[in-house]
Amino acid sequence: MGRVVLVTGVARQLGGRFVRRVLREPDVDRVIGVDAALPEHDLGGAEFVQTDIRQPTIGKVLAQYGVDTVVHMDVNGTPLGSRGSRTAVKETNVIGTMQLLGACQKAPTVARFVVKSSTSVYGSASRDPAVFGETTPVKSLPSGGFAKDVVEVEGYVRGFARRRPDVAVCVLRFAHVLGPCTDSPLAEYFALPVLPTIVGFDPRLQFVHEDDAIEVLRLAAGQPRRSTPRSGTFNIAGDGVLLLSQAARRLGRPTLPLFSPSVTWIGSVLRAVGITDFSPEQIRLLTHGRVVDTTQMREALGFWPAYSTAGAFMDYARSRGAGLLPPEALARTVDRIAAALPGAGQN
């Protein structure tokens, strides 16, 4: 008998892609996809069970299929599609995780638990260190939103790991995932024709490509390689950093520098018309940025991303088309202006 893998959050694109990928693993016998919503995409040969992880029925699913590996991907910052609310998302993140962990604690067959967490757990503040390691003390804990959800989720996961030391628990803290199919709040922000920014700040950002996100989840859910740990907490991000100003230029999007109160007001307007989730958490990120150290990802987990931060961003940018100020056209314009200036061409 091969492994039986249960994956939560399969109605979202990333969850669906992971299910299709893990199905190709030679040691995997069955994959069970779980979500409260019906997926609009194909799950390959996976078996789909429509159930809400906030309900005790998730325990029956674990027992019925004899699940040995759980990959918890239903930790998100925004509702699925246009329906839903922030309250429902928070309940799924926090209460759903509690219910799932409680069911796993009672399931003797469960031997491995992987959770898709986020570097949002570190927050974004002016007193932050230049680079966060997995054990770096957080200067200012997130006070609300998705970041606070992640802090609570990781707390419950640590408690589960203490109660079930026989289960290998792996926490993957992802930087912002980007790629052609990404539908996150930050991807929506970068799709705006003009990017609101904070006066006086040019934050450093990190990204991880959606393909790399799938691969590191597959690696964490599989049998550990020789000399690699079975469990632990790992920052996941592509090499390097990108300044917000650099990202805007590569997109060809002009920026609109605003003072912080104005950005908060614009965020409320954008949320009202459904364009993007410009939350206070996102405003702090676009003010102070966030950079994490990924040494443990490479040396301990044994994962090397195929895309750098800049590479992941450029693949996303190509899928969005040219902005109002395409870099190539802007460069040609600058060259023409330079050529027209008095003295051009003279030594």
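Quick note: structure is the one above.
The shown structure was predicted, so the numbers you read here are calculated from the model rather than taken from an experiment.

Novice: Now, about the sheet that holds strand S5 (residues 112–118): what can you tell me, with residues and values included?
Specialist: What the 7 strands build is an open sheet, ordered S3-S2-S1-S4-S5-S6-S11; its pairing is parallel. The open sheet has two edge strands, strand S3 (47–50) and strand S11 (232–236), and neither has a second partner. Each neighbouring strand pair of the sheet contributes to a mean axis angle of 20 degrees, computed without reference to strand direction. Bridge analysis of S5 against strand S6 (residues 168–174) gives 7 bridges, and the strand direction is parallel. Across the sheet, Lys 116 pairs through a bridge with Leu 172, a residue of S6. Those strands touched by helix H2 (residues 57–65) are strand S1 (3–8), strand S2 (28–35), S3 and strand S4 (69–72), and its axis lies near 165 degrees from that of S2. Seen against the sheet, helix H6 (residues 210–221) touches S1, S4, S5, S6 and S11 and runs at an angle of roughly 165 degrees to S6.

Novice: Describe the pattern of salt bridges, with residues and values.
Specialist: For the structure shown, the criterion picks out 17 salt bridges. Arg 54 is paired through a salt bridge with Glu 91; the nearest N and O atoms lie 2.8 Å apart. Placement of the pair is Arg 54 in the loop between S3 and H2 and Glu 91 in helix H3 (residues 86–106), with a sequence separation of 37 residues. When the shortest N-O distance is used, the salt bridge between Glu 154 and Arg 173 registers 2.6 Å. Pair noted here: Glu 154 is in helix H4 (residues 145–163) and Arg 173 is in strand S6, with a separation of 19 residues, a long-range link. Accessibility expressed as a relative area gives 3% for Glu 154, which makes it buried. Beyond isolated ion pairs, a larger network of salt bridges with shared partners links Arg 21, Glu 25, Glu 215 and Arg 218.

Novice: Give a description of the packing of helix H7 (residues 244–251) against helix H11 (residues 309–320) that names residues and reports values.
Specialist: Packing of H7 against H11 brings their axes to within 10 Å, and their N-to-C directions diverge by 35 degrees. Of the two elements, H7 crosses H11, and the hand of that crossing is right-handed. Note on element contacts: H11 touches H7 through Ala 310, Phe 313, Met 314, Tyr 316 and Ala 317, opposite Ala 247, Arg 250 and Leu 251. Its residues assigned to classes, the contact of H7 with H11 comprises 7 nonpolar, no polar and 1 charged.

Novice: Tell me about the packing of H2 against H3, and please be specific about residues and values.
Specialist: The N-to-C vectors of H2 and H3 enclose an angle of 40 degrees; their axes lie 9 Å apart at closest approach. In terms of orientation, H2 lies oblique with respect to H3. In the packing of H2 onto H3, the handedness of the crossing is right-handed. The segment H2 lies against H3, with Ile 58, Gly 59 and Leu 62 engaging Gln 99, Leu 100, Ala 103 and Cys 104. When its residues are assigned to classes, the contact of H2 with H3 shows 5 nonpolar, 2 polar and no charged.

Novice: Describe the pairing of S6, naming the residues involved and giving the relevant values.
Specialist: Burial of S6 is extensive: 7 of the 7 residues sit out of reach of the surface. Here S6 shows two buried faces, one formed by Ala 168, Cys 170, Leu 172 and Phe 174 and the other by Val 169, Val 171 and Arg 173. Handedness of the S5-H4-S6 crossover: right-handed. Strand direction decides the pairing type here: S6 and S11, joined by 5 bridges, are parallel.

Novice: Give me the packing of aromatic side chains: which residues, what numbers.
Specialist: One pass over the structure, following the stated rule, counts 8 aromatic pairs. Plain terms: the ring middles of Phe 190 and Phe 207 are 6.1 Å apart, the flat faces sit at 75 degrees to each other, and that makes the pair edge-to-face. Remark: Phe 207 occurs in strand S10 (residues 207–209) and Phe 190 occurs in helix H5 (residues 185–190); sequence separation between them is 17 residues. According to the relative accessible area criterion, Phe 207 is buried, its value standing at 1%. Considering the side-chain rings of Phe 313 and Tyr 316, the 6.0 Å spacing of their centres and the 50 degrees angle between planes classify their relative orientation as tilted. Of this pair, Phe 313 and Tyr 316 both sit in helix H11, separated by 3 residues, roughly a single helical turn. You'll find Phe 313 and Tyr 316 in the same group, each marked buried. An aromatic cluster of at least three residues, connected via ring pairs, comprises Tyr 189, Phe 190, Phe 207, Phe 313 and Tyr 316.

What counts as what
- Residues numbered from 1 in each chain as written.
- Predicted model: local features only at pLDDT ≥ 70, side-chain atom pairs only at ≥ 80, totals over all residues.
- Heavy atoms only, no water.
- Pairing = 2+ DSSP bridges.
- Helix = DSSP H or I, 4+ residues; strand = E, 2+ residues; numbered from the N terminus.
- Axes fitted to C-alpha atoms, helices over the stretch in contact; angles between N-to-C directions.
- Contact = heavy atoms within 4.5 Å.
- Salt bridge = Lys/Arg side-chain N within 4 Å of Asp/Glu carboxyl O.
- Buried < 20%, exposed > 50% of the residue type's maximum accessible area, 1.4 Å probe, protein only.
- Left-handed = near helix turned anticlockwise from the far one by under 90°.
- Nonpolar A, V, L, I, M, F, W, Y, C, P; charged D, E, K, R; others polar.
- Parallel < 35°, antiparallel > 145°, perpendicular 65-115°, else oblique.
- Right-handed = clockwise from strand over helix to strand, strands pointing away.
- Phe/Tyr/Trp six-rings, centres within 6.5 Å; stacked < 30°, edge-to-face > 60°.

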